[in-house]
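Structural features, examined
Now for the letters of each chain:
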Amino acid sequence: MKRFVKKSLFFVLPLILIFISMEFLLRNIPNDYKFKKEYLDNHSQNIEILCLGSSHTYYGINPAYFNKKSFNGSHVSQTLDYDLKILRKYQDRLNSLKYILIPISYFTLYSKLDRGIESWRVKNYPLYYNIQSYNIKDYSEVLSINTGTNARRIYSYYIKKNEEITTSELGYGTSHSSKNQQDLIKSGIEAAKRHTTKKDDTLFNENIENLKSIIQLAQQNKSIVIFFTPPAYYTYSENLNPNQLEKTVNTINKIAKEYDNTLYINYMHDKRFHKSDFFDADHLNEIGAEKLTKLLNNLINNIEKYGLYNNSILYGDSAAPNLQRDLSLLSWRQ
């Protein structure tokens, strides 16, 4: 028996040491989650505009173009439940928060990170945001991602000296460059198919509750929630399921009308966005991100100037032309 135990330890101990070593090395690679958590830890009390959501915000909003102190706290595939968890984590520190920007994309109300093809990303929240998970593997890099991928990450960072951080100082994703524009026809068809989901009322209802919790939290902080549907190239928007799209837009319009601290604006078919603004059919590049951020900045400036009442902006007799144009986009346009 003792011999068996010794032999077992002989084989198991090296595996345990490899596991611990890999886990240590992986956790010490700088990444976007760790960067954003540290930023929020140190600067959340100064943030006036907080952008949350998925890659449509991550690559679509550049806080450098806001007049107010802003931060992009979105991540690739981040769903509403994690937007809410981040807000709750920093609620008591967001003393200056005036606006929360949340994207309402075609898939937003039908997706949840832990149930999607990128569920491996869940581990980043307990590991780097200290957000609780009930799955033990989410507390380990090694258990969450296959060994081959982890080995390549270690080699890439420690040997090749490649960085994993792809965000600007204010949280904007910098990797979707106009110089590397993707095939807008192919990417539009593929993304539309990928984002079209089977009917799941349970998941849909969960996301509605998450939205309402975000709005109520904002009310406590005396903040305004701006929901926006990001621009999309026609090869994406024309291939969407009309029922899923209509239900999403109708639902968010209804929710926005229920609360006096919310506003919804739809940029999906906005003619101010052109082919050169897109990285792929449903993501903006740095040119498009500048344009979208400036539009939202203009909207926020006018809210500051004229106020917000019943989901529209109050303005005087001499309303700014840009404000009129933005307000015309508040209704869904096919």
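Structure: above.
Along every chain, residues carry numbers that run from 1 in the direction the sequence is written. Whole-chain, interface and lining totals are the exception, using all residues; otherwise, since this is a predicted model, local features are given only for residues with pLDDT of at least 70 and side-chain atom pairs are given and counted only at 80 or more. In computing side-chain properties, one takes all heavy atoms of the structure into account and sets aside hydrogens as well as water.

1. Thoughts on helix H2 (residues 32-43)
- Strands here mean DSSP runs of E at least two residues long; helices mean DSSP runs of H or I at least four residues long; both are numbered from the N terminus. By this rule the span expected of a helix is its residue count minus one, scaled by 1.5 Å. When the terminal C-alpha atoms of H2 are compared, their 16 Å separation across 12 residues agrees well with the 16 Å that a helix rising 1.5 Å per residue should span.
- The set of residues buried in H2 consists of Asp32, Tyr33, Lys36, Lys37, Tyr39 and Leu40. Down the axis of H2, the sector holding all buried residues measures 160°, keeping them to one side.
- Those residues of H2 hidden inside the fold are in contact with strand S1 (49-51), helix H3 (55-58), strand S2 (70-72), helix H4 (80-90) and helix H5 (124-128).
- Nitrogen and oxygen atoms within 3.5 Å of one another constitute a polar contact, given that in protein one can donate a hydrogen and the other can accept it, and given that sequence-neighbouring residues count only through two side-chain atoms. Here H2 starts with a cap whose side-chain oxygen sits 3.0 Å from the backbone nitrogen of Tyr33, and that cap is Asn31. Remark: exposure states derive from per-residue accessible area (1.4 Å probe, protein chains only) relative to the maximum for the residue type, with buried under 20%, exposed over 50%, and partly exposed in between. Directions from the helix axis toward the C-beta atoms define the arc. Throughout, a contact is declared for two residues whenever any of their heavy atoms are within 4.5 Å.

2. Some words on the pattern of salt bridges
- Every case where a carboxyl oxygen of Asp or Glu lies within 4 Å of a side-chain nitrogen of Lys or Arg is listed as a salt bridge. Going through the model one piece at a time under the given rule, you end up with 14 salt bridges.
- The salt bridge partner of Arg93 is Asp41, with a shortest N-O separation of 3.5 Å. One end of the pair, Arg93, is in the loop between H4 and strand S3 (99-103); the other, Asp41, is in helix H2, with 52 residues separating them in the sequence.
- Among the salt bridges present, the one from Glu206 reaches Arg115, with a minimum N-O distance of 3.3 Å. Here Arg115 lies in the loop between S3 and H5 and Glu206 lies in helix H9 (residues 201-220), a separation of 91 residues in the sequence.
- For Glu206, a relative accessible area of 25% puts it in the partly exposed group.
- Exposure remark for Arg115: the relative accessible area of 48% places this residue in the partly exposed category.
- What you see here is one network of salt bridges that share partners, running through Lys123, Glu141, Arg153 and Glu164.

3. Notes on the sheet that holds strand S4 (residues 224-229)
- With parallel pairing, the five strands of this open sheet are ordered in space as S2-S1-S3-S4-S5. One side of each edge strand has no neighbouring strand; the edge strands of this open sheet are S2 and strand S5 (262-266). Taking the axes of each pair of neighbouring strands and ignoring which way they run, one obtains an average angle of 15° across the sheet.
- The rule for pairing is simple: two strands pair if DSSP sees at least two bridges between them. With three bridges connecting them, S1 and S2 associate as parallel partners. Bridge pairing in S2 places Ile49 opposite Ser70.
- Think of each axis as a best-fit line through the C-alpha atoms, taken over the contacting stretch in the case of a helix, with angles from 0 to 180 degrees between the N-to-C directions. On the sheet, H2 packs against S1 and S2 and is oriented at approximately 155° with respect to S2.

4. Some words on unusual backbone geometry
- If you check the backbone angles, Asn130 has positive phi at about 60° while not being a glycine.
- Its place among the elements puts Asn130 in the loop between H5 and helix H6 (141-144).
- Judged by relative accessible area, Asn130 falls into the exposed class, the value being 54%.
- Positive phi is not limited to glycine here, since Lys222 has a value of about 55°.
- Position of Lys222 relative to the elements: it lies in the loop between H9 and S4.

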